[in-house]
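Here is how the chains run, residue by residue.
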Amino acid sequence: AGGRYVEAPVSGSRGPAEAGELVGMLAGAPDAVAAVRPLLAPICRQTVECGPVPSALTMKLAVNLYLITTVTGLAEAAHFAAVHGLDMNTFRAVLDAGPMASTVSRGKLAKLLAGDFSPQAAAADVLMNNALVAAAAREVGMASPALDVSHALFAETVAGLRALDGPLAGVGVDTWGVDYALLDDRNRVLALPFHYRDDRTDGMIERAHARVPAAEL
């Protein structure tokens, strides 16, 4: 008995899979790849030969690096637009019409604007894939700063979700109320926010204690 091995990771999630719109990445001996390719036709609109094993897996990791950092950047861009008081539908229209638009950006933005936070991919799975890409980068001595920032954000998210006793009902922010930004009459941020470690607050504790002794606070 014998067998032939072909790598066949895909790019896309549940929706594209159900619609037969995945992109398959194939690696292996040419005759083995040719035999496998028709089997993927029901779920893949395109299959791409990537070379010998493990080229398809490495290609998948490269695609995932782009996907993870793109979605992270999109979420931050949407937040930036929102806190600056921009009309979010206009923001969406500009992105959708521009050269950076994609099926991913259009789908994610539509969900954000609709307040639809139902999961499309588990945060824990994204974190796992992030770690795999980072490990592959380290193996060849490559720095991946954007990926590393995304990893930290997803790690914090997953840790918070795992700390829950039950299902997530909402997300809140606990603050001392010491960070602030100035707004105009349309709730637009006028300048960068100030935080409690801003150098304008140097010496404030001492000045406060001069008015009210520490023992009384």
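Structure's up top.
Here the structure is a predicted model, which means the values were calculated and not measured.

K.L.:
Provide a residue-level description of the pairing of strand β3 (residues 44-51), including the pertinent values.
P.N.:
Note that strand β2 (residues 22-27) and β3 share 6 bridges and pair parallel. When the bridges of β3 are listed, M25 appears paired with V48. Where the polypeptide runs from β2 across helix α2 (residues 30-36) and back to β3, its parallel neighbour, the crossover connection is right-handed.

K.L.:
Lay out the nonpolar core with the relevant residues and their values.
P.N.:
Counting residues in hydrophobic clusters, the biggest one holds 10 residues: L61, I68, A123, V126, L127, V133, A134, L147, F154 and V158. Residue assignment for this core shows that the elements contributing at least two residues are α3 (55-83), α6 (123-139) and α7 (145-162). Of the residues forming this core, the biggest block, 5 residues, is contributed by α6. With near-sequence residues (within four places) excluded, V126 lies in contact with I68, A121 and F154. V6, L26, V33 and L40 belong to the second largest nonpolar core, which has 7 residues in total.

K.L.:
Before we move on, could you go through the sheet that holds strand β1 (residues 10-11) and cite the residues and values that matter?
P.N.:
Spatial strand order, β1-β2-β3: 3 strands in an open sheet with mixed pairing. Strands at the two margins of the open sheet, each flanked by one partner only, are β1 and β3. The pairing of β1 with β2 spans 2 bridges and is classified as antiparallel. Within the sheet, the bridge partner assigned to V10 lies in β2 and is G24. Sheet strands touched by α3: β1, β2 and β3. Its angle to β2, the strand with the most contacts, is close to 140°.

Criteria and cut-off values
Residues numbered from 1 in each chain as written. Predicted model: local features only at pLDDT ≥ 70, side-chain atom pairs only at ≥ 80, totals over all residues. Heavy atoms only, no water. Pairing = 2+ DSSP bridges. Helix = DSSP H or I, 4+ residues; strand = E, 2+ residues; numbered from the N terminus. Right-handed = clockwise from strand over helix to strand, strands pointing away. Core = buried A, V, L, I, M, F, W, Y, C linked by side-chain atoms within 4.5 Å. Buried < 20%, exposed > 50% of the residue type's maximum accessible area, 1.4 Å probe, protein only. Contact = heavy atoms within 4.5 Å. Axes fitted to C-alpha atoms, helices over the stretch in contact; angles between N-to-C directions.

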